[in-house]
Amino acid sequence: MGNFIEWYEFGVYGYFATVIAARFFTPEGGGEAEALVRTYASFGLAFFFRPVGAALFGRLGDRIGRRPVLILVITLMTGATTLIGVLPTYDRVGALAPWLLTFLRVLQGLSAGGEFGGAVAVLTESAPPGRRGLYGAWQSFTVALGLLAGAGAAALLATVLTEPQLTSWGWRLPFLLTLPLGLGALWLRLRLDETPAFRQEVVLEQPGAREVAGAIALGAGRIMGWAAAGYTFLVVLPGYLQSTLSATFQQALIATVLANLGFAVTILPAGLLSDRVGRRPVMATGAALVVGLAVPLLNLLQDEGTSDAVKGAAVFGAGAVVGLMAGPGPAMLAELFPTTVRCTGLGLAYSLSNAVFSGCAGLVITKTVERTGNVDVPAYYAAATCAVSLLALTRNPSRKAG
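Residues numbered from 1 in each chain as written. Predicted model: local features only at pLDDT ≥ 70, side-chain atom pairs only at ≥ 80, totals over all residues. Heavy atoms only, no water.

Caption draft 1: Representation of the packing of aromatic side chains within the structure. Throughout the structure, instances matching the rule amount to seven aromatic pairs. On the numbers, 6.3 Å between centres and 15° between planes, the contact of Phe4 with Tyr8 is stacked. Of this pair, Phe4 and Tyr8 both sit in helix α1 (residues 2-15), four residues apart, roughly one helical turn. Phe4 sits in the buried class, given a relative accessible area of 17%. Overall, Tyr8 belongs to the buried group, its relative accessible area being 2%. Here the aromatic rings of Trp171 and Phe175 are separated by 6.1 Å at their centres, their planes lie at 75°, and the arrangement is edge-to-face. (Phe/Tyr/Trp six-rings, centres within 6.5 Å; stacked < 30°, edge-to-face > 60°. Helix = DSSP H or I, 4+ residues; strand = E, 2+ residues; numbered from the N terminus. Buried < 20%, exposed > 50% of the residue type's maximum accessible area, 1.4 Å probe, protein only.)

Caption draft 2: Summary view of the nonpolar core. Ranked by internal contacts, the top residues of the largest apolar core, which has 101 residues, are Phe16, Phe233, Val290 and Leu333. In this structure, Phe233 is in contact with Ala259, Val290, Ala294, Ala318, Val322 and Ala382, ignoring residues within four places of it in sequence. (Core = buried A, V, L, I, M, F, W, Y, C linked by side-chain atoms within 4.5 Å. Contact = heavy atoms within 4.5 Å.)

Caption draft 3: Seen up close, the environment of Ala46. Residue position: Ala46 is located in helix α3 (residues 32-48). Judged by relative accessible area, which is 0%, Ala46 ranks as buried. Between the C-alpha atom of Ala46 and that of Val106, which follows or precedes it by 60 residues, the distance is 4.7 Å. The contacts of Ala46, once residues within four sequence positions are left out, are Phe10, Arg105 and Gly109.

Take it as geometry only, folks, not as evidence of what the structure does.
Below is the structure:
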């Protein structure tokens, strides 16, 4: 539930990027492209606070337990997200508006950084033998559910509200919905038991700092493509389709829903398959498919002669190949670290990779397309990062956790 809420909010922010840009980042005389860049900069800033949250909350999780940290981060995330729904906009408080929004995004980044490490540690440490991949895949699956819920909420509002209503007050509703969801998640976490692995851990050999740093770097490299391609296809796509290909808000959201459906469909099967054939072969297959298919898929969307059915299949397939990386990814990261540093290590690997390659995706893509006029930039970005992940997946860690 906590992971679902986190990604629901991040999805909503991405899907409403153009609306938020107009309400918070467009002073008189400011251009729409400039405002969108600033919106994505605020979006990316939250990602850069994820590693701070991963280090802070991960260390707490490794010392005092997974349960208290998961309770703390869901409280922080729920409060910050709900407050976004009541923030005054630029026309009310001027330059203070974007600063208030950015401050709440920072709080969200801190809590999200602690969420992943704690959640994956609980899932994988509670898994029965031979099922760690499947159990860990539920973390990625709730990412898909959160993004789908965010896209669904945005699409519903865009359908039932007029454009003036949506830009005036309708965009606030998905953020306010976080409050009851967060209270439900908090209730569940208060009932959560500590994991058996943490309770029974006896420290025989503490891994060295250099060894842990190497595992973090390797893990970040392995999921780089998942981070970049995932945010390119699943979150940045609506803003790209509207600003670059002149799609309507509704068309962009429908494409995003289809991409996220494809993502959701393959995650759990990919996690289960990784329990049988290994994490790396499944993840490498997904990365290789992105390298080979990113440009052709994007060209289909750009071609005005392509039917809507083919375009729908293209975005569905784009999401599906990302799911091949996301399914085994959590278990792969958990297996790089022993119990005593697992929350911190896997949280940092994930948050560092996401800070650089997810958080900056919207900013890099929007700014590069604006300056170069090359509409294939999103495909190049996804393919290049997945190529690096392929190389990282061929390397073995210096040790393997139990």
